[in-house]
Amino acid sequence: MTDNITSVGGGDRPDTGVSALKGRTGAGAPAETRGRTTIADGVVAKIAGMATREVPGIHSLGAGMARALGAVRERVPGTGGGLTRGVKVEVGERQAAVDLDVVVEYGVSIVDVAGVVRTNVISAVERMTGLEVVEVNVAVDDVHLPDEEEEAAPEEGRVR
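Anyway, here's the lowdown on the structure attached to this text.

This next bit is on the overall build of the protein chain. The helix and strand tally for the protein chain stands at 4 helices and 7 strands. Along its sequence from the N terminus, the protein chain presents helices and strands in the succession β-β-β-α-β-α-β-β-α-β-α. Counting only residues that meet the buried cut, the protein chain has 30% of its 160 residues in that class. Partitioning the intrachain contacts of the protein chain with sequence separation of at least 6 by distance along the chain shows that 61% fall at a separation of at least 24.

See below:
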């Protein structure tokens, strides 16, 4: 048996941000298929973000200004960790597409890291949501150099 996935909301609404997994109903249907499960776009984005961050060689997610604003936002209590920064998703009735903006560590094979990211994201999203991931686009926006953090860190001991 296959679950049906339908959009929640009207067809005229530009982006409802939610997909629904709808099973068979009635007394003859298995218990796990009775009813509907909805999955918001933000859930798919968080799963993709976490799966990307798990890959060795990924330094961070987000392009230029998004990273800078995200770093400031992370320091403000109660704003969350920015799990979806650098992640955009499109969720349809049965499928999802993911776009990622990443920064890789200097010295890693970008092609290999991108391949592992795709595999990890597809596996996690499909396993957790049941949606078919049709594509994962990886945009490498920067390379993190080992000495960049030392320059960005404030010097200690200047003010006592």
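Next comes the rest of the description.
So, about the packing of helix 1 (residues 41-53) against helix 3 (residues 110-129). One can describe the packing of helix 1 onto helix 3 by two numbers: an axis separation of 8 Å at closest approach and a directional angle of 140 degrees. When the axes of helix 1 and helix 3 are compared, the pair comes out oblique. The interaxial crossing formed by helix 1 with helix 3 has right-handed handedness. Between helix 1 and helix 3, the residues in contact are Val44, Ile47, Ala48, Ala51 and Thr52 and Val117, Asn120, Val121, Ala124, Val125, Met128 and Thr129, respectively.

Okay, the environment of Lys46 next. The topology assignment puts Lys46 in helix 1. In this structure Lys46 comes out as partly exposed when scored by relative accessible area, which is 47%. Lys46 sits 39 residues away from Arg85 along the chain, and the two C-alpha atoms are 9.1 Å apart. In this structure Lys46 touches Leu83 and Thr84, once residues within four positions along its chain are discounted.

Turning our attention to helix 3. Under the 1.5 Å per step criterion, the end-to-end length of helix 3 is 28 Å for 20 residues, consistent within 8% with the ideal 28 Å. Those residues of helix 3 that sit buried are Val113, Ala114, Val117, Val121, Ala124, Val125 and Thr129. Projected down its long axis, helix 3 shows its buried positions confined to an angular sector of 105 degrees, all on one face. Exposed and oriented more than 90 degrees from the buried face of helix 3 are Val111, Asp112, Thr119 and Arg127. Among the residues trailing helix 3, Gly130 stands out with phi positive, at a value near 80 degrees.

The rules behind these values
- Residues numbered from 1 in each chain as written.
- Predicted model: local features only at pLDDT ≥ 70, side-chain atom pairs only at ≥ 80, totals over all residues.
- Heavy atoms only, no water.
- Helix = DSSP H or I, 4+ residues; strand = E, 2+ residues; numbered from the N terminus.
- Buried < 20%, exposed > 50% of the residue type's maximum accessible area, 1.4 Å probe, protein only.
- Contact = heavy atoms within 4.5 Å.
- Axes fitted to C-alpha atoms, helices over the stretch in contact; angles between N-to-C directions.
- Parallel < 35°, antiparallel > 145°, perpendicular 65-115°, else oblique.
- Left-handed = near helix turned anticlockwise from the far one by under 90°.
- Expected span 1.5 Å × (residues − 1).
- Arc of directions from axis to C-beta.

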